[in-house]
Amino acid sequence: MAKRILVVEDNDLNRKLFCDLLRAKGFEVEPVADGREAIEKTRLFMPQLVVMDIQLPNISGIDLIEAIKADEELKAIPILAVTAYAGKGDEETIRAAGAEGYLAKPVSIGPFMAAVNALV
């Protein structure tokens, strides 16, 4: 059975790229464009990994990570933060929120797949 990955990314091109790449590697993928739907989709899809953009409209990816990690049913799901936030201290802030992985955009295929495979 294919491992399931939820991709929370508001940028259409990035979301399609991540989803296409993961599907090509044999994963079952559920894309989410609106961060406000991320918690509900996580609950319905029950993925083995959440790939989370941090800069989302309406809600911060950091807030979503904290909400997932505060939920008894969801907290064991690993989260890979993929973000353009790559300034000093940003990785620490994102990891402190509960993300197990962190990649700065632009993301190369090799490091992205290595991070995904390390977490699923």
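Residues numbered from 1 in each chain as written. Predicted model: local features only at pLDDT ≥ 70, side-chain atom pairs only at ≥ 80, totals over all residues. Heavy atoms only, no water.

Trainee: Looking at this structure, how should I read helix H5 (residues 109-119)?
Mentor: Because an α-helix completes one turn every 3.6 residues, residues spaced three or four positions apart along the sequence face the same direction. Within H5, burial applies to Phe112, Met113, Ala115, Val116 and Leu119. Take H5 and look down its axis: the buried residues cluster within an arc of 160°, on one side only. Contacts from the buried residues of H5 go to strand S1 (4-8), helix H1 (12-24), strand S3 (49-53), strand S4 (79-83) and strand S5 (101-104). (Buried < 20%, exposed > 50% of the residue type's maximum accessible area, 1.4 Å probe, protein only. Helix = DSSP H or I, 4+ residues; strand = E, 2+ residues; numbered from the N terminus. Arc of directions from axis to C-beta. Contact = heavy atoms within 4.5 Å.)

Trainee: Help me out: how do you make sense of the packing of aromatic side chains in this one?
Mentor: How two aromatic rings sit relative to each other is given by the distance of their centres and the angle of their planes. Enumeration according to the criterion identifies one aromatic pair in this entry. The ring of Phe45 has Arg4 sitting right over it, with the charged end atom 5.9 Å from the ring centre. (Phe/Tyr/Trp six-rings, centres within 6.5 Å; stacked < 30°, edge-to-face > 60°. Lys NZ or Arg CZ within 6 Å of the ring centre and 35° of its normal.)

Trainee: How should the sheet that holds S1 be read in this particular structure?
Mentor: In a beta sheet, neighbouring strands pair by backbone hydrogen bonds and run either parallel or antiparallel. Taking strand neighbours across the sheet as the criterion, the five strands line up as S2-S1-S3-S4-S5 in an open arrangement whose pairing is parallel. The sheet is open, and its two borders are formed by strand S2 (28-32) and S5, each paired with just one other strand. Going across the sheet, the axis of each strand differs from the next one's by a mean of 15°, ignoring polarity. As defined by bridge partners, S4 adjoins S5 across four bridges and the pair is classed as parallel. Each bridged residue has a counterpart across the sheet, and for Thr83 the counterpart in S5 is Ala104. Packed on one face of the sheet, H1 meets S1, S2 and S4 and runs near 170° to S2. Sitting on the sheet, helix H4 (residues 90-97) touches S4 and S5, and the angle it makes with S5 is about 150°. (Pairing = 2+ DSSP bridges. Axes fitted to C-alpha atoms, helices over the stretch in contact; angles between N-to-C directions.)

Trainee: What should I look at first to understand the nonpolar core in this one?
Mentor: Side chains that are nonpolar tend, in soluble globular proteins, to be buried together. One finds Val8, Val50, Met52, Ile54, Ile65, Ile79 and Ile94 to be the most contacted residues of the largest nonpolar core, which totals 21 residues. If you list the elements that add at least two residues to this core, you get S1, helix H2 (38-45), S3, helix H3 (61-70), S4 and H4. It is H3 that provides the largest number of residues to this core, a total of four residues. Beyond its immediate sequence surroundings of up to four residues, Ile54 is in contact with Ser60, Gly61, Ile62, Ile65, Ala81, Val82, Thr83, Tyr85 and Ile94. (Core = buried A, V, L, I, M, F, W, Y, C linked by side-chain atoms within 4.5 Å.)

Trainee: What's the story with the UniProt feature "domain: Response regulatory" (unreviewed entry) in the protein chain in this structure? I'm lost.
Mentor: Per the UniProt entry, the sites bearing "domain: Response regulatory" (unreviewed entry) are residues 4-120 in this numbering. For residues 4-120, the end-to-end C-alpha separation is 9 Å, with 43% helix and 21% strand making up the annotated structure. (UniProt positions renumbered as here; feature names shortened; annotations may be inferred.)

Trainee: I would appreciate a short explanation of the packing of H2 against H3 in the present structure.
Mentor: It is the contact of H2 with H3, at a shortest axis distance of 10 Å, that shows an interaxial angle of 40°. Overall, the two elements H2 and H3 adopt an arrangement that is oblique. Classified by chirality, the crossing of H3 by H2 is right-handed. Taking contact as the criterion, the partners of Ala38, Ile39 and Thr42 in H2 are, on H3, Leu64, Ala67 and Ile68. Class assignment of the residues belonging to the contact of H2 with H3 gives a composition of five nonpolar, one polar and no charged. (Parallel < 35°, antiparallel > 145°, perpendicular 65-115°, else oblique. Left-handed = near helix turned anticlockwise from the far one by under 90°. Nonpolar A, V, L, I, M, F, W, Y, C, P; charged D, E, K, R; others polar.)

Trainee: What is the right way to look at the environment of Met1 in this model?
Mentor: Considering the arrangement of structural elements, one finds Met1 in the segment before S1. Judged by relative accessible area, Met1 falls into the exposed class, the value being 91%. Distance from Met1 to Phe27, taken between C-alpha atoms, is 9.1 Å for residues 26 residues apart in sequence.

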